[in-house]
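# Descriptive analysis of the structure
Read off the chains here:
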Amino acid sequence: MNISALAGGGSDGSVALAATTSHSPNQSNLILRSIDGGLHWVRADNGPPSVVTDRFAILADESNRLLLFAQGTMNGYGRLYRSIDTGRNWSRCDMPSGAAQAGSILRIAGGLRCISNISDPVGRVVVLHSSDEGAKWLATDTLSISWAVPTAILPGTTDVYALGGETRMSRINLDRRDWLPIGIPAWHVNTLVHCVPQTGGHTLFAASSSGVHTATAGGGGWTYRGFTHKRIDGFSYTDVTALVASFNGDIMFAGTNGGGIHRSTNRGTSWTGPVASLQYAVVGALAMGPGLADTSTLFAGIRGSLRISTNLGASWMPGSLAVPELREFHVDSTSPHSAFVFAGSTRGVFVSTDLGLSWLDITGLLPSNLISALASSPDGMTLFVGTDDAGAYRSTDLGRTWTPINAGLADVNVHSFAVVPLAQGGYCLFAGTKDNGVWKSTDQGTQWTPANSGLPSVGVMSLLLDPGGAGGGTLYAGTDSAGVWRRPLAELLDTLDGLPAIPSSYLLGQNYPNPFGAASVSGSRTTTMTFRIPQTSAVTLTVHEVMGREIAKLVDEVKNPGRYAVLFDADGLTAGIYMYRLRAGTYAATKKLLLLQ
C-alpha cells in the first residue's frame, strides 16, 4: 500500500488526510485521517469514493470540526467533500455543473473560495465561492490559464499558483477583474434581451442555437424556456435567430431559422405560432417600435422581404423594403415626433420615419453593403454602422456622409454595438467583433482600445447593457462559440483613459433615456440628467413646461468642480415635451426631454 497524496489543515496544523493506493486486488484505496498531527491514523468511516488520488487540499475551522476536502485525481476528475464531525463522515458538496478537478481552498471574509478546472471548450479554470461553509458552491470568476491545474493558494493572500499547459507555473490574483462566463447550456448565442418584470429585478433572455433560455441578470443560473417547434412536415426547430420582448418581458417574439415567428404571452414558458403565411420563414432580425393607440409595431426581417405587424403578431403584412437579407434593426425614439427605424441588410442601410411604410436608402458612400450592426448615440444625433468586411462607420447627418472609425480596431468585421451613457457626460461605445472580442471608445469611435481581459478569442454576436443592479450595471456579451459572458460596467469604465477628474468647461448633457415613459424602449418614467462644472459654482437645475412654467427644481446649491448626474422622476406628469435648464455661474443651457405615456 502506497501513500499517493497527503494534506494538512487546521489553524494548528493538527488535521491531516492521506490517500493510500493499493496495487493488490485484495486491498482497496483508502482515505485516512489524523487529528493529532499525524501521530495516529484512522480510516474515514464514510469517506469520499475510493479512487486513485494524487492531490488533496484541506480547510478546517478553528475547532477542526468542519473540514473541507478538495480531491484531485490522476485521471483528471475531482470533487469537493465536506465533513462536520472532524472527518469521520463526508458528504459531497453541491458544485456547478462542469467543474472537473478541484484544487486549493481559501477562507475569505464572507465565505470560502476554491479553484477548480471547468469543462468548457476553452479549458479555463473557474473560481468557486461558498457562503454557507461549503455546502453549496457558485462559480464567480475564471482564470486565464488554458487547461491549468490549480495547485495552491498562497497563505494570507488571494494569489493562486497554477500549473498550466506545457508545465508552466503561473501566479494569478483572485481579486483582479475579468469578464466572467455565465454557464448557459448553449454555445452559439444570437441575441440577448433584457427585461424588468413587474415583480422587480432584472431578467436576461438569450436566443441561441438550442432555443430560448432565461437567467436572473447578474449571473444566476439559466432556465430553459423553449423551444422546440415541429412544423406540419414533422421537422423540429430549436435555432432561434432573433428575439424581441416588451419592457417587462410578458410578451415575447422569437424568430427561427426556417420555422417562422412565434409568440409567448407568459415570459417564454410556452409558445404559439407561427401564422400560416410565415410557417417556413427564415427570420434574420426582429424589432419592436412605438405604434398608434398604445400598441407596438413589430418589424421582421424575412429572407427576401420585410414584414410588419400592428396587432401583436396575429397577422403580418408585407413592407415596402425588398432586399435579399435583413440582418439588423435599430429603433431610435429620441425624435419628439416619430421614431427612426433603421434596417441593416446585405444591400446597405435604410431608414424609415413612418413606422416602416416607406424607406430611404442611406448607404451612400459606405465601402461595404454588408451591414451587421447598428446603434445610435443617446441623443440620437450620431448613427453607428458595423460591416462584415470594412469595419465601423459613423454619420451625423443621417447617412449623407460617413466617417470611418477603425483606428485601433483589430477586426474589420463588427457584429454588435452597445452605447453606455456616462454620468459625467458623453458616452462609451462598445463594439463586438467576429474574431477579436470586445472593444471600447470614448470619442465616438475615433480611437478604440481592447476590453477583453478574461474573454476568450471568440466572435461576439450580441452586446447588451443592463443599466440596473449593483455597481452601475452590467455589460453582457453573447458569443458564437462560448456562451454568454458578463462584466460590471464599473470595471470597464474605471479603465477609461483621458477623462480628467475636474472638467475643463461647463456642459449640460442630454438626458438619458430620451424619450422616456411607459411607451418608450426603457419603459420607465425616470430619466437621468448630467452636467459638469469646472469651478465651484452656485448651481440650479430645473424642469419646465414648454410655455416656461417651472414644475420641478432638482438642484439648488453650491457645487464643487466635477461631473454630476441627477435622476428626474416624472410621476404624475402628462405626456409631452418638457424643458430642463441648468444655471451655473455665468453659464446657462436648456435642453428638451420627451415624456411618453
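Residues numbered from 1 in each chain as written. Predicted model: local features only at pLDDT ≥ 70, side-chain atom pairs only at ≥ 80, totals over all residues. Heavy atoms only, no water.

## What about the overall build of the chain?
In terms of regular secondary structure, the chain is built from one helix and 52 strands. Put simply, the chain has 597 residues, and 52% of those count as buried. When contacts within the chain are restricted to residue pairs at least 6 apart in sequence, those whose partners lie at least 24 apart make up 45%. For the chain, the exposed surface amounts to about 25,700 Å²; the carbon and sulfur share of it is 52%. (Helix = DSSP H or I, 4+ residues; strand = E, 2+ residues; numbered from the N terminus. Buried < 20%, exposed > 50% of the residue type's maximum accessible area, 1.4 Å probe, protein only. Contact = heavy atoms within 4.5 Å. Areas by Shrake-Rupley, 256 points an atom, 1.4 Å probe, with all protein chains shown as cover.)

## Let's talk about the sheet that holds strand β44 (residues 484-488)
Strand order in the open sheet formed by four strands is β16-β44-β43-β42, with antiparallel pairing between adjacent strands. The outermost strands of the open sheet, each flanked by one partner alone, are β16 (180-182) and β42 (460-466). With direction set aside, neighbouring strand axes in the sheet form an average angle of 30 degrees. (Pairing = 2+ DSSP bridges. Axes fitted to C-alpha atoms, helices over the stretch in contact; angles between N-to-C directions.)

## Notes on the environment of L455
Along the polypeptide, L455 turns up in the loop between β41 (449-450) and β42. For L455, a relative accessible area of 9% translates into the label buried. Each C-alpha atom, one on L455 and one on V438, is 8.4 Å from the other, the two residues being 17 residues apart in sequence. Once residues lying within four places of it in the same chain are set aside, the contact partners of L455 are W179, G437, V438, V460 and W485.

## Examining the sheet that holds strand β31 (residues 340-345)
Backbone hydrogen bonds hold the strands of a sheet together, and the pairing may be parallel or antiparallel. Across the sheet, which stays open at both edges, the four strands sit in the order β30-β31-β32-β33 with antiparallel pairing between neighbours. Lying at the two open borders of the sheet, with one neighbouring strand each, are β30 (326-332) and β33 (360-361). Both β30 and β31 contribute to a ladder of six bridges, which runs antiparallel. Its bridge partner being in β31, F329 is matched across the sheet by A343.

## Remarks on the packing of aromatic side chains
Inspection of the entire model under this criterion finds five aromatic pairs. Note on F340 and F342: the rings are 6.3 Å apart at their centroids and 15 degrees apart in plane angle, and the pair reads as stacked. Classification of F340 by relative accessible area gives partly exposed; the value is 22%. Both rings, one in Y506 and one in Y587, keep their centres 5.4 Å apart while their planes meet at 10 degrees; by these two values the pair is stacked. Note that Y506 is positioned in the loop between α1 (489-494) and β45 (507-508) and Y587 in strand β52 (residues 587-596), a separation of 81 residues in sequence. Residue Y587 is classed as partly exposed on the basis of its relative accessible area of 21%. Ring-pair connections join several aromatic residues into one group, and the members of that group are F384, F417 and Y427. (Phe/Tyr/Trp six-rings, centres within 6.5 Å; stacked < 30°, edge-to-face > 60°.)

## Re the pattern of salt bridges
Across all of its chains, the model carries six salt bridges by this definition. One salt bridge in this structure joins R267 and D250, with 3.9 Å as the shortest N-O distance. In this pair, R267 is assigned in the loop between β25 (261-264) and β26 (283-290) and D250 in the loop between β23 (240-245) and β24 (252-256), connecting sequence segments 17 residues apart. The salt bridge involving E545 is made with R549; its shortest N-O contact spans 2.9 Å. Given a relative accessible area of 29%, E545 falls into the partly exposed group. (Salt bridge = Lys/Arg side-chain N within 4 Å of Asp/Glu carboxyl O.)

## What about the nonpolar core?
Of all hydrophobic cores here, the largest spans 22 residues; its most connected members are F531 and L541. Elements represented by at least two residues in this core include exactly β47 (526-533), β48 (537-545), β49 (550-559), β50 (562-569), β51 (576-584) and β52. Top contributing element to this core by residue count: β51, with four residues. In contact with L541, not counting residues within four places along its chain, are L508, M529, F531, A552, K553, L554, V555, V566, Y580, R581 and L582. (Core = buried A, V, L, I, M, F, W, Y, C linked by side-chain atoms within 4.5 Å.)

## Re the environment of E557
Within the secondary structure, E557 sits in strand β49. Exposure remark for E557: the relative accessible area of 44% places this residue in the partly exposed category. Between the C-alpha atoms of E557 and T540, which are 17 residues apart in sequence, the distance is 6.7 Å. Engagement of the side chain of E557 in a polar contact is seen with the side chain of K559, the distance being 3.4 Å. (Polar contact = N/O pair within 3.5 Å; in protein donor to acceptor, adjacent residues only side chain to side chain.)

## Side note on the side chain of T363
Considering the arrangement of structural elements, one finds T363 in the loop between β33 and β34 (371-376). A polar atom in the side chain of T363 sits 2.7 Å from the side chain of D361. Ignoring sequence-local partners within four residues, the contact set of T363 consists of R347, G348, V349, N369 and W402.

## Observations concerning the confidence of the model for the chain
Per-chain confidence: the chain averages 75 in pLDDT, with 64% of residues scoring 70 or above. Ignoring residues within four places in sequence, the model shows residues 73-77, a span with pLDDT below 50, making 14 contacts including any to other chains. Low pLDDT, under 50, characterises residues 118-123; the predicted model gives this stretch 18 contacts beyond four residues in sequence or across chains. (pLDDT = per-residue confidence, 0-100.)

## Structural notes on unusual backbone geometry
Among all residues save glycine, negative phi is the norm, and among peptide bonds the norm is trans. Backbone geometry places L398, a non-glycine residue, at a positive phi of 55 degrees. One can find L398 in the loop between β36 (392-395) and β37 (403-404). Residue class for L398 comes out partly exposed when judged on its relative accessible area of 33%. Its identity is not glycine, yet Q444 carries a phi of approximately 60 degrees, on the positive side. The residue Q444 is located in the loop between β40 (438-441) and β41 in this model. Residue classification places Q444 among the partly exposed positions, given a relative accessible area of 31%.

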